[in-house]
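Chain and residue survey
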Amino acid sequence: MVMRSSKAASANRIIVGDCIAALKKLPDASVDLVFADPPYNLQLASDLMRPNNTRVDGVDNEWDKFDSFAVYDRFSNAWLAECRRVLKPDGAIWVIGSYHNIFRLGVSLQDLGFWIQNDVIWRKVNPMPNFRGKRFTNAHETLIWATRDQRSRATFNYESLKALNDDLQMRSDWLIPICSGPERLKDDGGRKAHPTQKPEALLQRVLLATTKPGDVVLDPFFGTGTTGAVAKQLGRSFIGIERDPDYAKAAEERIARVTPLPLTALETVRSKRAEPRVPFGQIVEMKLLTPGATLLDSRKRIKAEVKADGTLTWGGNQGSIHRLGAIAQGKSACNGWTYWHFEAEGKLKPIDLLREEAKRQLGLSSTPTLVAAE
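Every value quoted in this text rests on a predicted model; they were computed, and no experiment measured them.

**Let's talk about the pattern of salt bridges**
A full pass over the atoms with the stated rule returns 19 salt bridges. Between arginine 360 and glutamate 357 there is a salt bridge, with the nearest N and O atoms lying 3.1 Å from each other. Here glutamate 357 and arginine 360 lie together in helix H11 (residues 352-361), a separation of three residues that amounts to about one turn. Beyond isolated ion pairs, a larger network of salt bridges with shared partners links Lys24, Asp28, Glu82 and Arg85.

Right, dumping it as structure tokens:
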């Protein structure tokens, strides 16, 4: 069923029809994220055969055939422009493709005003071999993550992705198997229901990284519904557009079998940047530190005095906890909350603990009470 324009896009449904026509009926600024897996435009001149002369079950569908690069570019510009229109000001888009199309899509994204954040390499653990032996095995696909424009402040759950990666920054090369086994949907004849079904693990990482529970995720090339299945499981809403009724039916049945995770399982690591701001001066005002108190670096080599206005003095210099920390180290910048320490119970503790206590007293945090500075 094709949706009609409204103030907000109705979510959690599949629109059967042409993606550009369907996109035009979605309201402006109604979507938080787009994940797009458009046709690759493989330009296959003939069947791909294995050395034993059996046919490879690859992508030879009509939806992947375009008369020329110019026709493909017009198609790409049209659907990308509509996606940009329906994205919220702080929205973002992920586009995935192979070497056949990803570079052309990158040009279209930039020409339309999207702002590229990253390109991510999906390294396939188990890629299809190169049967003709005339090229390297195509063992990866490329994803482009871009915000609606340069000013967009898109969601990025940095701390959660770092935790997912054993407390190391998540890299831009992702080692994930291709879709296979029970996850691979089959038709009544036992063949792959869709030739380019993406693994749920890939979509899970994308949505965990760049959306929040309740966000609306649009997939204009919905296929058999991987985006919708993962969105439902993770407490996100989805809009899928798919022109093939058989794919749409398979997607609907697949998503109906998905059980959403409980809300408690969807909690992500809270970003420091997203927390309420408490300036150091407020620590002094709340008497968690008193003017005249001494702050030290972790080695007790630098001793600074706290002033009534929330500044510190050391070595003839006066400034904020960040500026004075930078001067003390001979650096251009410093996180004063972790550099400066106070003494309590005979131990040095970072003043960041005093900030957490201030948040607790102000009703901004549930952090337990800690020992006050001496």
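**Things to note about the environment of phenylalanine 66**
As for its placement among the helices and strands, phenylalanine 66 is situated in the loop between strand S2 (31-36) and helix H2 (69-86). Taking C-alpha positions, phenylalanine 66 is 6.5 Å from asparagine 41, a pair spaced 25 residues apart along the chain. Setting aside residues no more than four positions away along its own chain, phenylalanine 66 makes contact with Pro39, Asn41, Val71, Tyr72 and Phe75.

**Focus on the state of the cysteines**
What we call a disulfide is simply a covalent bond connecting the sulfur atoms of a pair of cysteines. Tallying each qualifying case throughout the model produces zero disulfides. With no disulfide of its own, cysteine 19 lies 7.6 Å from the sulfur of cysteine 83, the closest cysteine sulfur. Judged by relative accessible area, which is 7%, cysteine 19 ranks as buried.

**What about the nonpolar core?**
Grouped together as the largest cluster of nonpolar side chains are 31 residues, with contacts concentrated most on Val31, Val34, Trp79, Leu80, Ile93, Val95 and Leu218. Going through the elements one at a time, helix H1 (19-24), S2, H2, strand S3 (87-97), helix H3 (102-111), strand S5 (140-147), strand S7 (216-219) and strand S8 (237-242) are the ones with two or more residues in this core. Of the residues forming this core, the biggest block, six residues, is contributed by H2. Not counting residues within four places of it along the chain, the set of residues in contact with valine 95 comprises Ala36, Pro38, Trp79, Leu80, Ile102, Leu105, Leu109, Thr142, Leu143 and Ile144. Counting residues in each nonpolar core, the second largest holds 28 residues, with Ile14, Ala92, Ala229 and Leu266 among its members.

**Points about helix H7 (residues 245-256)**
A rise of 1.5 Å per residue sets the reference length of H7, with its twelve residues, at 16 Å; its end C-alpha atoms lie 16 Å apart and thus fit the reference within 8%. Among all positions of H7, only Tyr247, Ala248, Ala250, Ala251, Arg254 and Ile255 are buried. Each buried residue of H7 lies within a common arc of 160 degrees when the element is viewed along its axis, so the set occupies one face. Summarising the geometry of H7, the exposed residues directed more than 90 degrees from the buried face are Pro245, Asp246, Glu252 and Ala256.

**Remarks on the pairing of strand S6 (residues 173-176)**
Burial along S6 is one-sided: Trp174 and Ile176 are buried, while Asp173 and Leu175, pointing the other way, are not. Note that strand S4 (residues 115-124) and S6 share four bridges and pair parallel. Within S6, the residue paired with tryptophan 122 across the bridge is tryptophan 174.

Here is what the cut-offs are and how they apply
- Residues numbered from 1 in each chain as written.
- Predicted model: local features only at pLDDT ≥ 70, side-chain atom pairs only at ≥ 80, totals over all residues.
- Heavy atoms only, no water.
- Salt bridge = Lys/Arg side-chain N within 4 Å of Asp/Glu carboxyl O.
- Helix = DSSP H or I, 4+ residues; strand = E, 2+ residues; numbered from the N terminus.
- Contact = heavy atoms within 4.5 Å.
- Disulfide = S-S within 2.5 Å.
- Buried < 20%, exposed > 50% of the residue type's maximum accessible area, 1.4 Å probe, protein only.
- Core = buried A, V, L, I, M, F, W, Y, C linked by side-chain atoms within 4.5 Å.
- Expected span 1.5 Å × (residues − 1).
- Arc of directions from axis to C-beta.
- Pairing = 2+ DSSP bridges.

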